[in-house]
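Okay, here's what each chain looks like letter by letter:
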Amino acid sequence: RFATYSLIRRDLGPFVAAIKIGNSDKLWRKNPANRFFIAVLISGVLCFFLTWLFTRRLSSLRRISDRLAQGDLDAKIKPVTYFYDELDALGGDLNSMATKLKERIASQRRFLADVSHELRSPLARIQIALTLAENPTGEGLDHLARIRLEAERLDEMIGQLIASQRDIGRLQEKTNLNQVVEASLIEAEIEAEDKEISMLLLAAEEPYFVISDRSLLHGAIENIFRNAITHSPRKGIIKVEIQSVSEDIVSISIFDHGSGVPEADLDRIFDPFFRVEHARDRDTGGTGLGLAIVKRTVEQHGGNVTAKNIEKGFCVQIELPLFSN
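### Considerations on the packing of aromatic side chains
So, step 1. Under the definition given, this model contains zero aromatic pairs.
So, step 2. The side chain of Lys174 reaches across the aromatic face of Phe209, ending 4.7 Å from its centre.
So, step 3. The ring centre of Phe255 lies 5.1 Å from the NZ or CZ of Lys239, which sits over that ring.

### Concerning helix 7 (residues 214-231)
So, step 1. The end-to-end C-alpha separation of helix 7 is 26 Å, in line with the 26 Å expected for 18 residues at 1.5 Å each.
So, step 2. For helix 7, every residue scored as buried is listed here: Leu216, Leu217, His218, Ala220, Ile221, Glu222, Asn223, Ile224, Phe225, Ala228 and Ile229.

### A word on unusual backbone geometry
So, step 1. Although it is not a glycine, Glu196 adopts a positive phi angle of roughly 55 degrees.
So, step 2. By the secondary structure assignment, Glu196 is in the loop between helix 6 (177-192) and strand 2 (198-203).
So, step 3. Residue Glu196 is classed as partly exposed on the basis of its relative accessible area, which comes to 45%.
So, step 4. In this model, Lys235 sits at a positive phi of 60 degrees, which is unusual for a non-glycine residue.
So, step 5. Within the element layout of this structure, Lys235 appears in the loop between helix 7 and strand 4 (237-246).

### Structural notes on the nonpolar core
Across soluble globular proteins, you tend to see nonpolar side chains buried next to one another.
So, step 1. The biggest cluster of nonpolar side chains holds 38 residues, and the ones touching the most others in it are Leu177, Phe225 and Ile269.
So, step 2. Only helix 6, helix 7, strand 4, strand 5 (249-256), helix 9 (290-300), strand 6 (304-310) and strand 7 (313-321) provide two or more residues apiece to this core.
So, step 3. Top contributing element to this core by residue count: helix 7, with seven residues.
So, step 4. Once residues lying within four places of it in the same chain are set aside, the contact partners of Leu177 are Tyr208, Val210, Leu217, Val250, Ile252 and Leu320.
So, step 5. The next biggest cluster of nonpolar side chains, apart from the first, holds nine residues, and it includes Leu61, Ile64, Ile77 and Ala98.

### Some words on the environment of Asp256
So, step 1. Tracing the backbone through its elements, the reader meets Asp256 in strand 5.
So, step 2. Look at Asp256 and you get buried, because its relative accessible area is 4%.
So, step 3. Placed 19 residues apart in sequence, Asp256 and Ile237 show a C-alpha to C-alpha distance of 6.3 Å.
So, step 4. Ignoring anything within four residues of it in the chain, the contact list for Asp256 reads Ala228, Ser232, Ile237, Ile238, Ile310, Lys312, Gly313 and Phe314.
So, step 5. A distance of 2.8 Å separates the side chain of Asp256 from the backbone nitrogen of Gly258, its partner in a polar contact.

### Concerning the sheet that holds strand 2
So, step 1. Strand order in the open sheet made by the five strands is 2-4-5-7-6, with mixed pairing throughout. Each edge of the open sheet is held by one strand with a lone partner, namely strand 2 and strand 6. Each adjacent strand pair in this sheet contributes to an overall mean axis angle of 20 degrees, direction not counted.
So, step 2. The pairing of strand 5 with strand 7 spans eight bridges and is classified as antiparallel. Bridging across to strand 7, Ser253 finds its partner in Gln317.
So, step 3. Docked against the sheet, helix 6 engages strand 2, strand 4, strand 5 and strand 7, running at close to 170 degrees with respect to strand 2.

### Structural notes on the pattern of salt bridges
So, step 1. A complete count under the given rule lists three salt bridges for this structure.
So, step 2. As a salt-bridge pair, Glu191 and Arg226 come within 3.5 Å of each other at their nearest N and O atoms. Highlighted residues: Glu191 in helix 6 and Arg226 in helix 7, separated in sequence by 35 residues.
So, step 3. In this structure Arg226 comes out as partly exposed when scored by relative accessible area, which is 32%.
So, step 4. Note that Glu222 and Arg226 form a salt bridge whose closest N and O atoms lie 3.3 Å from each other. In this pair, Glu222 and Arg226 are both assigned in helix 7, four residues apart and thus about one turn of the helix distant.

### Here's the deal with the packing of helix 7 against helix 9
So, step 1. Put simply, helix 7 and helix 9 touch, their axes get as near as 9 Å, and they point 145 degrees apart. When you trace helix 7 past helix 9, the crossing you get is left-handed. Facing Leu216, Leu217, Ala220, Asn223, Ile224 and Asn227 of helix 7, the residues of helix 9 in contact are Gly290, Leu291, Ile293, Val294 and Thr297.
So, step 2. Broken down by class, the residue content of the contact of helix 7 with helix 9 amounts to seven nonpolar, four polar and no charged.

Thresholds, definitions, all that
Residues numbered from 1 in each chain as written. Predicted model: local features only at pLDDT ≥ 70, side-chain atom pairs only at ≥ 80, totals over all residues. Heavy atoms only, no water. Phe/Tyr/Trp six-rings, centres within 6.5 Å; stacked < 30°, edge-to-face > 60°. Lys NZ or Arg CZ within 6 Å of the ring centre and 35° of its normal. Helix = DSSP H or I, 4+ residues; strand = E, 2+ residues; numbered from the N terminus. Expected span 1.5 Å × (residues − 1). Buried < 20%, exposed > 50% of the residue type's maximum accessible area, 1.4 Å probe, protein only. Core = buried A, V, L, I, M, F, W, Y, C linked by side-chain atoms within 4.5 Å. Contact = heavy atoms within 4.5 Å. Polar contact = N/O pair within 3.5 Å; in protein donor to acceptor, adjacent residues only side chain to side chain. Pairing = 2+ DSSP bridges. Axes fitted to C-alpha atoms, helices over the stretch in contact; angles between N-to-C directions. Salt bridge = Lys/Arg side-chain N within 4 Å of Asp/Glu carboxyl O. Left-handed = near helix turned anticlockwise from the far one by under 90°. Nonpolar A, V, L, I, M, F, W, Y, C, P; charged D, E, K, R; others polar.

Function-wise, these values are silent; they only describe arrangement.
Set out below in structure tokens:
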């Protein structure tokens, strides 16, 4: 017993002395292994907590991404209130992606529904005209002419549909923008003669150069001219201005003296098949694809297109990046 007591006293003596004295620093200095053990223990607890927190948040992101992959675009990650880091930023990006995907799918569904409706209308008229043409009356030629007209409209609509969804790829052609606008204006003057509309071009003598697909850019500008001619009054004036907005941006502004567009519809006139209420008639409103083609073409050229009502008419403005050596 005395030997055991002596061993215990010898081993625990420093601890008891340190406790009695109230100075634990001696314990740490004489026993560095204790310091290492305590440091490892504290570090292990902290690492376990941080790892659990990190993996828990990653698991939440994974569950949301799985739901998105399965088509549940309403899945959202709850916003963070108290702190914000890279994982929260990733969650916000996932929410934004889901919202944009939902909008894009809804837009595509509307587009398909509009395409079906617009294609069904001329086909129905062709069927009616064919039925009437089969009757033994003297109006067969008139019905055949109607069939030809509807077939031409159908062909034009399909061509515009293809153009509105076409990807132009990489732009490589250096184009004189002034020449493109002038060529489009000359062609538009032929259509404007029937309504005695005057076309006026205001541009600097120094040409502006852009990188473009010349034929598509020409078609986009021509669509705006055609739209302006359609909605301009007889003996009206269509004015075109080409000017630099900044050192690297050039704008094309087309002004007409038409009735304009309701303010509530300004953001929608570039949507496929959209026609304002007073232009619903196909003879004046067209297919509703012209301005949609303009928007897609301009955006593929790295620019943007806007529309606004002015004091006496309407204005469509295209902005494009200038070519820089």
